[in-house]
Amino acid sequence: MAQAVPAGQKWWAGGRSPFNVEYGKLMMWYFLMSDAFTFGAFLISYGTIRFSSNSWPDPNEVFRSFPIIGEMKIPLAFVSLMTFILIMSSVTMVLAVGAGHNNDKKSVMKWMFFTILGGLAFLGCQAWEWTHLHGEGAWWGRNPFMNINGSPSSTNFTNFFFTITGFHGFHVFSGVIINIIMLIMTWRGVFERRGHYLMIEKAGLYWHFVDLVWVFVFTCFYLL
Amino acid sequence: MENSHTTTAVHTDDGHSFSTKAIWRTFWILLIITVVELALAILYYETDFLPKHFLNGIFVIGTLAKAFFIIAEFMHLRYENRNLIMSIGVPAMLFIWFLLAFLWDGNSYKNLRNRYDSHYVDKYKAQPKEKEGEKKTEEGKKPGVE
């Protein structure tokens, strides 16, 4: 539940943050809202083009590969792994924030390290997926896949796929950079001296947002 | 530059202790929803056991559920100030209109284009598949789709 308000509490009377969070955290939320609309615009435009098309490639056919093992009888296996990695890294991020609440520097470092690892693993997976698809002839402006109904598919499919997953991957990359900086700052005792780990919380918000976007991207491209 | 203490006093007490249990419980919920979605997708691929539209509805609901859990628990929004929750939740309602309007538009564009595309009409003349009664009042001027 939202925080209980003591009787007579006036949030908008001045002298305090009406949102009861520090400035930086509120601004991070506002930024995430704007980024949510950016991604929302990308995904909704994808949906619009898809709705305006008579047919579209079948994701179960396009996304069947898996590193090392090659073609899988089970489609979507690789993207399931990617989703799992990202959700796990979100969990480790929350645990880092929790450790920050307890001012436990060592645990913060440990969980941030795992979060960074998860982010790098996800990027590696995405890079593999792109390389593999490129090897099959897919790229911006090139679409080798057929539609479900057998008609030749337009380049809309690959254009949208690479653009949106690329934009998301860029966010993951910047998130990893931010997390690395957070780890270094933690290690150097910056937050210890400040007495709080609020910066880790803000980085955490960004990281969860990245995970959230992936949930939608995964659904739109691979499930629907 | 230290700016975190220049804001007016912030109550950092959450009113509840940070709960690792809730986090792991959320993780399991997310994992189970994802696994179920994948199982349904693969099952559909093998057997076609449900109409795709119905399945898509399940996927969308599952995705929204995951989104709510991530935002509420991982991003901690559920435990925040009501003002902050509203600042996020109310503008997010715009997405509902956003999505509906644009998908409706895309669909209308497809129907209108098909109706006037002689190749399409010839090919599918046998079945009046597209809804001929489709409203012509849509003013969607969609950019050309190849």
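Here the structure is a predicted model, which is why all the values come from computation and not from measurement.

Colleague: Give me the overall build of chain B: which residues, what numbers.
Modeller: Of regular secondary structure, chain B possesses five helices and zero strands. Taken from N to C terminus, the helices and strands of chain B fall in the order α-α-α-α-α. Expressed as a percentage of the 146 residues in chain B, the buried residues total 16%. Pairs at least 24 apart in sequence give 59% of the contacts found in chain B among residues at least 6 apart.

Colleague: Report on the interface of chain A and chain B, specifying residues and quantitative values.
Modeller: At the interface, 50 residues of chain A touch 51 residues of chain B. Put simply, the parts of the chain that give the side of chain A that touches chain B at least two residues each are helix 1 (23–51), helix 3 (77–101) and helix 7 (198–223) of chain A. Among the elements that make up the side of chain A that touches chain B, the one with the highest residue count is helix 1 of chain A (ten residues). Among the residues making up the side of chain A that touches chain B, the classes are represented as 26 nonpolar, 21 polar and three charged.

Colleague: Talk me through helix 1 of chain A; I want residue IDs and the actual numbers.
Modeller: Here helix 1 of chain A contains 29 residues, and its C-alpha end-to-end distance of 41 Å stays within 8% of the 42 Å for a straight helix at 1.5 Å per residue. Restricting attention to buried positions, one finds in helix 1 of chain A the residues Lys25, Met28, Trp29, Leu32, Ile44, Tyr46, Thr48, Ile49 and Arg50 of chain A. Turning to helix 1 of chain A, the residues buried within the fold contact helix 5 (156–187) and helix 7 of chain A together with helix 3 (82–92) and helix 4 (94–116) of chain B.

Colleague: Hey, could you go over the nonpolar core for me, with residue numbers and the actual values?
Modeller: Among the nonpolar cores identified, the biggest contains 68 residues, and Ala96 and Ile200 of chain A are the most heavily contacted of them. Elements with a contribution of two residues or more to this core: helix 1, helix 3, helix 4 (105–135), helix 5 and helix 7 of chain A together with helix 1 (20–47) and helix 2 (52–74) of chain B. In terms of residue count, helix 7 of chain A provides more of this core than any other element does, 18 residues in total. Sequence-distant contacts of Ala96 of chain A, that is, excluding residues within four places in its chain, are made with Val108, Trp111, Met112, Thr115, Ile200 and Gly204 of chain A.

Colleague: Quick one: what's the story with the packing of helix 3 of chain A against helix 7 of chain A, residue by residue and with numbers?
Modeller: Two quantities define a packed helix pair, namely the angle between the helix axes and the distance between the axes. Residue and element names in this part refer to chain A. The N-to-C vectors of helix 3 and helix 7 enclose an angle of 160 degrees; their axes lie 10 Å apart at closest approach. Classified by the angle between their axes, helix 3 and helix 7 sit roughly antiparallel to one another. Of the two elements, helix 3 crosses helix 7, and the hand of that crossing is left-handed. Judged by residue contacts, Val79, Thr83, Leu86, Ile87, Ser90, Met93, Val94, Ala96, Val97 and Gly100 of helix 3 engage Ile200, Glu201, Gly204, Trp207, His208, Asp211, Trp214, Phe218 and Tyr222 from helix 7. Taken together, the residues of the contact of helix 3 with helix 7 sort by class into twelve nonpolar, five polar and two charged.

Reading the values: rules and limits
Residues numbered from 1 in each chain as written. Chains lettered and ligands numbered in written order. Predicted model: local features only at pLDDT ≥ 70, side-chain atom pairs only at ≥ 80, totals over all residues. Helix = DSSP H or I, 4+ residues; strand = E, 2+ residues; numbered from the N terminus. Buried ≥ 20, exposed ≤ 12 C-beta atoms within 10 Å, placed from the backbone. Contact = placed C-beta atoms within 7 Å. Nonpolar A, V, L, I, M, F, W, Y, C, P; charged D, E, K, R; others polar. Expected span 1.5 Å × (residues − 1). Core = buried A, V, L, I, M, F, W, Y, C linked by C-beta atoms within 7 Å. Axes fitted to C-alpha atoms, helices over the stretch in contact; angles between N-to-C directions. Parallel < 35°, antiparallel > 145°, perpendicular 65-115°, else oblique. Left-handed = near helix turned anticlockwise from the far one by under 90°.

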